[in-house]
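Okay, here's what each chain looks like letter by letter:
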Amino acid sequence: MVQCPNCGGVLKFDIASQQMKCASCASLFDPYAFGMSGAEEETEYDVTVFRCPQCGGEITSTDETAAGFCSYCGSPNVLESRVSREKRPQYIIPFKKTKQECEHLFERFIKKSVFAPKSYRQAGRADSFRGIYMPYWLYDMSQVGPVSIATSKSHRSGDYIITDHYRMNGDMDNHYNGVSYDASSSFADDISSQIAPYEVKDITTFNPSFLSGYYADIADVPAGIYDSAAKDIAKESTYNYLKYNSPMKSQHFDDAKGKVKDSLYTQIDATHSAMFPVWFMSYRNKDRVAYATVNGQTGKVRADVPVSISKYFAVAAILAVGIFFLLNMIFTVTPDVLAVFVAVLALISVLMYGAEMKKIVAKENYDDDKGMLSKIEEKRKARIAAQQNVSDERERLKETYQENMNSQRRAKEALSKEKKEQKKEKTAASWLILLVVAIMLGPTIIGGFLSVFMLSLNAPIMCGIASAVLFIIAFFSVKKARQNITLMKAPKKFPASVFSLISILVIVIISFWDPASDYIYYGAVILAMIGIIANIVDMILSYNYIAMRPLPQFEMYKGGDDRGF
């Protein structure tokens, strides 16, 4: 706690004046007038560490007063505290946005979220946001050395296309300073990246006085975790400059993007510790929490927005009624064609459900959160060491199986991304040619195809074949969703998309059967719509499960999962 030299009151950092302001006499002071150690700069400073008994989250403060809430889970309980000495960061960006500005920015953001629950909208009041300084690592990098890139350029000469090949050689002297990554495992990487970037023009030397009146998180992720990611940012930036802004921009790069990036001599020269400001709001629902964060310097907003099922279906019903009457005015749809159309909708819902399950597995296993993965790996190694003397071989095998499955899944995802990147570069010219052909011949081809298809679609055999194709695609999607469900922390018995798969199978059978009664077709359509609704409900619940994260360090204290909303 910083005391006022004039009256002994508590000094807190005032955002508007960027000075230390006394709560009693309103005197203003320079933040660097306090907490300085003279000629020798200390490497540590005293803080009070608060641990939440509900979620285990830890925050620090330079104030001695006990905190009445947890910034991570919103628990109103008085937090357990202890005095500690923490490593002193080198730099800090002070808060620039006030609580009132933060509330206004959040309100403007949430207006665009039509399906957000009312309770979530009301949660974004100014008194719900807490100012927290989050720890970051800053990387200074350089690219110094020779570079050689194979390029080519084509031109037409009469009936020939002539391609000239070049070897572009040169020397690089590039420097990237202040590339930042959050150093807290409790602060998800996807949140920190979406409220980035911070403007380094406001960065200043750290002083504990800036923390007065605010909280701070503790850095618990080693700087080396983000070395490769920081280097890749520098490589990507240099590659984009060479390809799109340098004198080589008119030429085609013959080598794959990855090969060019690897040829750039990129190294980390220095790593610095810093603290950046974040306004933090937590929306609690049982044992899960949705976060809203506002960049305390720029005002950029990022929020986990759950979806209200009642609002979603109310809007969907209004749109469905409007579309139904519009289509009835334009088309006359026969029962067999209607069944195929509904089967297409069912397939779409199955594919969407599968994509949602894939996202859940990626988020639950922290695929894109290197900081949390490093902490999980530490805990895993500790558990393995502790299990050396445990006779329960089944538990060890179960954990090993889970880890191997996740490792294989991440490796496949990384390989798939790499192949897509390479394919995208190679096929750019092909897509351009395809686009020209489509513009010239598209209307004639599509018109003729639709005419033949619509005429033949009236035949039961065509409806049956179309439905069968949809069923096969849906079957493999459901199978993949089932595989993803087995990797979830709280796996379900089976994917909800099974209902839609069964309804498509019924439509296939009825289409080949071609019953005389139209009511059988309508019954199959109703069954398919029930399956789609069940699929969508479970998909929304799954989406809310993604949006609402587990509490920080939750597994260390209570365990379990809750999918309700």
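Residues numbered from 1 in each chain as written. Predicted model: local features only at pLDDT ≥ 70, side-chain atom pairs only at ≥ 80, totals over all residues. Heavy atoms only, no water.

(A) Representation of the pattern of salt bridges in the model. Counted under the stated rule, the structure contains nine salt bridges. Across the pair D262 and K235 runs a salt bridge whose closest N-O atoms are separated by 4.0 Å. Of this pair, D262 sits in helix 5 (residues 257-262) while K235 sits in helix 4 (residues 227-244); the two residues are 27 residues apart in sequence, bridging distant segments of the chain. Of the residues examined, D262 reaches a relative accessible area of 61% and is grouped as exposed. (Salt bridge = Lys/Arg side-chain N within 4 Å of Asp/Glu carboxyl O. Helix = DSSP H or I, 4+ residues; strand = E, 2+ residues; numbered from the N terminus. Buried < 20%, exposed > 50% of the residue type's maximum accessible area, 1.4 Å probe, protein only.)

(B) Representation of a nonpolar patch on the surface within the structure. Together, F341, V344, L345, I348, M352 and M529 line one region of the surface with nonpolar side chains, adding up to about 480 Å² of accessible area. Examining the composition of the nonpolar patch, we find that five residues originate from one element, helix 7 (residues 335-364), more than from any other. One can find V344 in helix 7. Using a relative accessible area of 33% as the deciding quantity, one classes V344 as partly exposed. (Patch = residues over 30% accessible without salt bridge, like charges linked within 9 Å, V, L, I, M, F, W, Y side chains within 5 Å. Areas by Shrake-Rupley, 256 points an atom, 1.4 Å probe, with all protein chains shown as cover.)

(C) Region of the structure containing the nonpolar core. Counting residues in each nonpolar core, the largest one holds 39 residues, and the members touching the most others are Y120 and Y133. Where this core is concerned, the elements lending two or more residues are strand 2 (10-14), strand 3 (19-22), strand 5 (44-51), helix 1 (99-110), strand 14 (266-285), strand 15 (288-295) and strand 16 (301-303). Excluding residues within four positions of it along the chain, Y120 makes contact with F106, I110, M281, Y283, A290, Y291, A292, A303, D304, V305 and P306. (Core = buried A, V, L, I, M, F, W, Y, C linked by side-chain atoms within 4.5 Å. Contact = heavy atoms within 4.5 Å.)

(D) Broad picture of the side chain of S209. Along the chain, S209 falls in the loop between strand 11 (204-205) and strand 12 (215-216). Within polar-contact distance, the side chain of S209 engages the backbone oxygen of P31 at 3.1 Å. Other than its neighbours up to four places away in sequence, S209 contacts V2, F13, M20, P31 and F34. (Polar contact = N/O pair within 3.5 Å; in protein donor to acceptor, adjacent residues only side chain to side chain.)

(E) Up close: the side chain of S308. Mapped onto the elements of the fold, S308 is located in the loop between strand 16 and helix 6 (309-330). Not counting the four nearest positions on each side in its chain, S308 is found in contact with F115 and P117.

(F) Seen up close, the packing of aromatic side chains. This structure, assessed with the given rule, holds 21 aromatic pairs. Between F95 and Y133, the ring centres sit 4.9 Å apart and the planes meet at 70°, which makes this aromatic pair edge-to-face. Of this pair, F95 sits in the loop between strand 8 (91-92) and helix 1 while Y133 sits in strand 9 (residues 130-157), placing them 38 residues apart in sequence. Its relative accessible area of 0% is what places F95 among the buried residues. Consider the rings of Y139 and Y181, whose centres lie 6.3 Å apart with planes at 75°: the pair is edge-to-face. Here Y139 is found in strand 9, whereas its partner Y181 is found in strand 10 (residues 160-182), with 42 residues between them in sequence. With relative accessibility at 18%, the residue Y181 sits in the buried group. Of the aromatic side chains, those joined through ring pairs into one cluster are F95, Y133, Y214 and W279. Residue placement shows K243 over the ring face of F253; its charged tip is 4.8 Å from the ring centre. (Phe/Tyr/Trp six-rings, centres within 6.5 Å; stacked < 30°, edge-to-face > 60°. Lys NZ or Arg CZ within 6 Å of the ring centre and 35° of its normal.)

(G) Here's a closer look at the pairing of strand 2. Of the pairings in the sheet, the one linking strand 1 (residues 2-3) to strand 2 comprises two bridges and is antiparallel in character. Looking across to strand 2, one finds that V2 is bridged to L11. Summarising the sheet, strand 2 and strand 3 pair through four bridges and their orientation is antiparallel. Bridge pairing in strand 3 places K12 opposite K21. In sequence, strand 2 turns back onto strand 3 through a hairpin of four residues, with Q18 there showing a positive phi of about 60°. (Pairing = 2+ DSSP bridges.)

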